[in-house]
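Chain by chain, the residues:
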Number of protein chains: 2
Amino acid sequence: MSDRLDRQMAFLAEADRLKGIERATRVLGGARFENSAEHSWHLALYALTLGDHAPEGVDRDRVIRMLLLHDLVEIDAGDAPIFGSHDASTTAADEEAAARRIFGLLPDDQAAELRMLWEEFEAAESADARFAKALDRFQPPNQNLASDGGSWRDYGVTVETFEARIGPPIARGAPTLWDWLLPRVRAFLSRL
Amino acid sequence: MSDRLDRQMAFLAEADRLKGIERATRVLGGARFENSAEHSWHLALYALTLGDHAPEGVDRDRVIRMLLLHDLVEIDAGDAPIFGSHDASTTAADEEAAARRIFGLLPDDQAAELRMLWEEFEAAESADARFAKALDRFQPPNQNLASDGGSWRDYGVTVETFEARIGPPIARGAPTLWDWLLPRVRAFLSRL
């Protein structure tokens, strides 16, 4: 049991590094960039709060678990901003290697459990993963609306780009949230 | 449903401010102070990872929910460092008012649900709350060990103070974690 706890604690110590991974979105009205640890917390709170907008059959607690660990791979692979240009296959390979190393710090049974949950999130096929992915796409626009455009300004994002890139995963996993968001983003971006 | 979602989104927008609440502990080997949002994420990950060290009957997912919202009151009341000197009754009154205002942003049924969960955490009487509280006391010493003493140096904390203030809640809610931690802290503090 002691070796088990040693490995769990090594994983939790490593996880601290997610607090140093900077994202493209901002916090506190634009004061600074968000890091992936506080982003993960905010998303988990989104899941806790918005559970009644999830499609039927979604397990809210399982979605929360998924969101708590969905960005851990960024400790090695970094954050790939959604409007940035990056090679998707390189990112996927980097994240696979990161998952092996980081979840691999845990006892084997737990490493397998958490890695499977991360892979389910990445695949975005199950109802839980689709809802989790929808939230992961839904929070940043709200941060941008609260910080005068944030990453939309940095990347010169138009309404068309926004709808094409961000719309499908939100509309698929959480349609009522997309219906709420879209008019607000349209109104904002049309004024830029 | 739309007014319901408006209120949930107002709550989630307000929650962003927890990312600006600074704690006494450090992150990333001592590079900067931790904020309460990333702390809450880290604690939820502790609960996810260390569930097998929880006393029997503890509901891991419920503990995670509790930890996600346990510090929200700090948006109004600020963080009260455990080794600092502050008036406990003033802090408690400030936090009660904060809970009323912040959870009160939510639809009434949800405001009541989340506020009850927060009050259960504060009371630290149920098995879930005792485990959650133990993790909330267990994470900072690990951050201090990883950042050359961190807040222990700032507050001149001795082994005796540490054991008296930090020991009881951890030993009560998660005895195996206390057994793991104590020799490590003793070894570190005895060298200061």
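These numbers come from a predicted model, not from an experiment.

Rules of the game
Residues numbered from 1 in each chain as written. Chains lettered and ligands numbered in written order. Predicted model: local features only at pLDDT ≥ 70, side-chain atom pairs only at ≥ 80, totals over all residues. Heavy atoms only, no water. Helix = DSSP H or I, 4+ residues; strand = E, 2+ residues; numbered from the N terminus. Contact = heavy atoms within 4.5 Å. Polar contact = N/O pair within 3.5 Å; in protein donor to acceptor, adjacent residues only side chain to side chain. Phe/Tyr/Trp six-rings, centres within 6.5 Å; stacked < 30°, edge-to-face > 60°. Buried < 20%, exposed > 50% of the residue type's maximum accessible area, 1.4 Å probe, protein only. Lys NZ or Arg CZ within 6 Å of the ring centre and 35° of its normal. UniProt positions renumbered as here; feature names shortened; annotations may be inferred. Salt bridge = Lys/Arg side-chain N within 4 Å of Asp/Glu carboxyl O. Core = buried A, V, L, I, M, F, W, Y, C linked by side-chain atoms within 4.5 Å. Pairing = 2+ DSSP bridges. Least-squares fit on C-alpha atoms with pLDDT ≥ 70 in both.

We now examine the environment of R172 of chain A. Residue and element names in this part refer to chain A. Tracing the backbone through its elements, the reader meets R172 in helix 9 (residues 159-173). Taking C-alpha positions, R172 is 9.6 Å from P55, a pair spaced 117 residues apart along the chain. When neighbours within four sequence positions are excluded, R172 is seen to be in contact with A124 and R130. Among the polar contacts listed, one links the side chain of R172 to the backbone oxygen of A124, at a separation of 3.3 Å.

Turning our attention to the packing of aromatic side chains. What characterises a pair of aromatic rings is the spacing of the ring centres plus the angle enclosed by the ring planes. Counted by the stated rule, this structure contains twelve aromatic pairs over all chains. When the centroid spacing of 5.6 Å and the interplanar angle of 80° are considered together, the rings of W152 of chain B and F162 of chain B count as edge-to-face. Here F162 of chain B lies in helix 9 (residues 159-173) and W152 of chain B lies in helix 8 (residues 150-155), a separation of ten residues in the sequence. Across the pair, F162 of chain B and W152 of chain B agree in class, each one buried. Taking the ring centre of W180 of chain A as reference, the NZ or CZ of R184 of chain A above it sits at 3.8 Å.

Attention shifts here to the UniProt feature "domain: HD" (unreviewed entry) in chain A. As annotated in UniProt, the feature "domain: HD" (unreviewed entry) corresponds to residues 15-178 of chain A in the numbering used here. The distance from the first to the last C-alpha atom of residues 15-178 of chain A is 31 Å, and the span holds 63% helix and 6% strand.

Before going further, it helps to spend a moment on the pattern of salt bridges. For the structure on display, the rule yields 46 salt bridges over all chains. Measuring nitrogen to oxygen at the nearest pair gives 2.6 Å for the salt bridge that ties E14 of chain A to R17 of chain A. Put simply, D79 of chain B and R23 of chain B hold a salt bridge, and the shortest N to O gap is 3.9 Å. One end of the pair, D79 of chain B, is in the loop between helix 4 (74-77) and helix 5 (88-103); the other, R23 of chain B, is in strand 1 (residues 22-27), and 56 residues separate them in sequence. What emerges from the salt-bridge pattern is a single network uniting D16 and K19 of chain A together with R23, E34 and D79 of chain B.

If you look at the biggest cluster of nonpolar residues, it comprises 118 residues, and the most contacted ones within it are L72, L135 and F162 of chain A together with L72, L135 and F162 of chain B. Excluding its chain neighbours within four sequence positions, the residues that come into contact with F162 of chain B are F83, P141, W152, V157, G167, W178, L181, V185 and L189 of chain B.

Bringing the interface of chain B and chain A into the picture now. Residue-level contacts link 51 residues of chain B with 51 residues of chain A. For the interface between chain B and chain A, the tally reads ten salt bridges. In this structure, E34 of chain B and K19 of chain A form a salt bridge, with 2.8 Å as the shortest nitrogen-oxygen distance. Contributions of two or more residues to the side of chain B that touches chain A are made by helix 1 (2-15), strand 2 (32-35), helix 2 (36-49), helix 3 (60-69), helix 6 (108-123), helix 7 (127-145) and helix 10 (175-191) of chain B. With ten residues, helix 2 of chain B is the largest single contributor of residues to the side of chain B that touches chain A.

Residue and element names in this part refer to chain B. Of all six residues in strand 1, five are buried; the element is thus mostly enclosed. Bridge count for strand 1 against strand 2 is three bridges, and the pairing is antiparallel. Bridge pairing in strand 2 places R26 opposite F33. If you look at the hairpin formed by strand 1 and strand 2, you'll find four residues sitting between the two strands, and L28 has a positive phi there, around 55°.

At an RMSD of 0.0 Å, chain B and chain A line up after a rotation of 180° and a shift of 0.0 Å along the axis. The relationship between the two copies is best expressed as a two-fold rotation axis.

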